[in-house]
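These are the residues of each chain, in order.
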Amino acid sequence: MGIEEKLPSGVLLTSVEKLAGYVRKNSLWPATFGLACCAIEMMASGGARYDLARFGMEVFRASPRQADLMIVAGRVSQKMAPVLRQIYDQMPNPKWVIAMGVCASSGGMFNNYAIVQGVDHVVPVDMYLPGCPPRPEMLIDAILGIHEKIQDTKLGKQRERQMISQEAVALEAPTLRQQLGLRTVLDLRAGEAPAVELPVVESQVVPR
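Residues numbered from 1 in each chain as written. Predicted model: local features only at pLDDT ≥ 70, side-chain atom pairs only at ≥ 80, totals over all residues. Heavy atoms only, no water.

**Q** I would appreciate a short explanation of the nonpolar core in the present structure.
**A** Soluble globular proteins tend to pack their nonpolar side chains together in the buried interior. Membership of the largest hydrophobic core comes to 21 residues, with the highest contact counts inside it found for Leu 28, Met 42, Met 57, Leu 69, Met 100 and Leu 139. For this core, the secondary-structure elements that each account for two or more residues are helix H2 (38–45), strand S1 (69–73), strand S2 (96–100) and helix H5 (136–151). Sort the elements by how many residues they give to this core and H5 lands first, with six residues. Every residue in contact with Leu 69, bar those within four places of it in the chain, is listed here: Leu 28, Trp 29, Pro 30, Ala 31, Met 57, Met 91, Trp 96, Val 97 and Ile 98. Ranked by size, the runner-up nonpolar core spans 17 residues in total, among them Leu 84, Tyr 88, Ala 99 and Val 123. (Core = buried A, V, L, I, M, F, W, Y, C linked by side-chain atoms within 4.5 Å. Buried < 20%, exposed > 50% of the residue type's maximum accessible area, 1.4 Å probe, protein only. Helix = DSSP H or I, 4+ residues; strand = E, 2+ residues; numbered from the N terminus. Contact = heavy atoms within 4.5 Å.)

**Q** Mind showing me how you'd approach unusual backbone geometry here?
**A** Backbone geometry follows two general trends: most residues other than glycine have a negative phi, and most peptide bonds adopt the trans configuration. Here the residue pair Asn 93 and Pro 94 is connected by a cis peptide bond, since its omega of -5° sits within 30 degrees of zero. Tracing the chain through its elements places Pro 94 in the loop between helix H3 (81–90) and S2. Residues Cys 132 and Pro 133 are joined by a peptide bond in cis, for which omega reads -10°. With respect to the helices and strands, Pro 133 occurs in the loop between strand S3 (127–129) and H5.

**Q** Is there a simple way to explain the pattern of salt bridges in this structure?
**A** Where charged atoms from two side chains of opposite charge approach closely, those side chains can pair. Within the structure shown, the criterion is met by three salt bridges. The salt bridge involving Arg 85 is made with Asp 89; its shortest N-O contact spans 3.2 Å. Taken as a pair, Arg 85 and Asp 89 lie in helix H3 at a separation of four residues, close to a single helical turn. The partly exposed category is assigned to Asp 89, whose relative accessible area is 46%. A salt bridge links Glu 137 to Arg 135, with the nearest nitrogen and oxygen atoms 3.1 Å apart. (Salt bridge = Lys/Arg side-chain N within 4 Å of Asp/Glu carboxyl O.)

In structure tokens form, the structure reads like this:
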């Protein structure tokens, strides 16, 4: 039984965008780029138990010029950020980025001056993957989400319109600090009081 038996009269009609998206999503080559403990889970996803080769992604390329998917697995330090950006710039278009783990997504537990608080400050991120560290099944699910996004990618002028609309939505979205109700040092210096309400506790005298 082949696919020709499932087609009506042996004819399949589709668009060039759908065909290009189908080819792209089934031929992703990730870049070999592991930074911390999340990289161990990324390596496990390519092993025999989880078998990332089922989705045409078993080839982790050591050269960024042969890769089109960057999996940022782990925390990104301030010293590693320029290297990360250089590798991203060397990857050919179209390319996609997955922020694997809470450290790559938002800095995680490393809320200090040495760690970048989210890799989206350095490169554009297409998929955020939570967890510390996320399991290989979660990484595969995120990759399948990237596949759906690639399948719906437009071409030509429609791609330009799609990018403009996505950028407009991203600019209107609240930042992570605004979502959490945090205030930066610059906000405090400008005289804006932090939006923190302290609970009022009534003192009770316990009789002896």
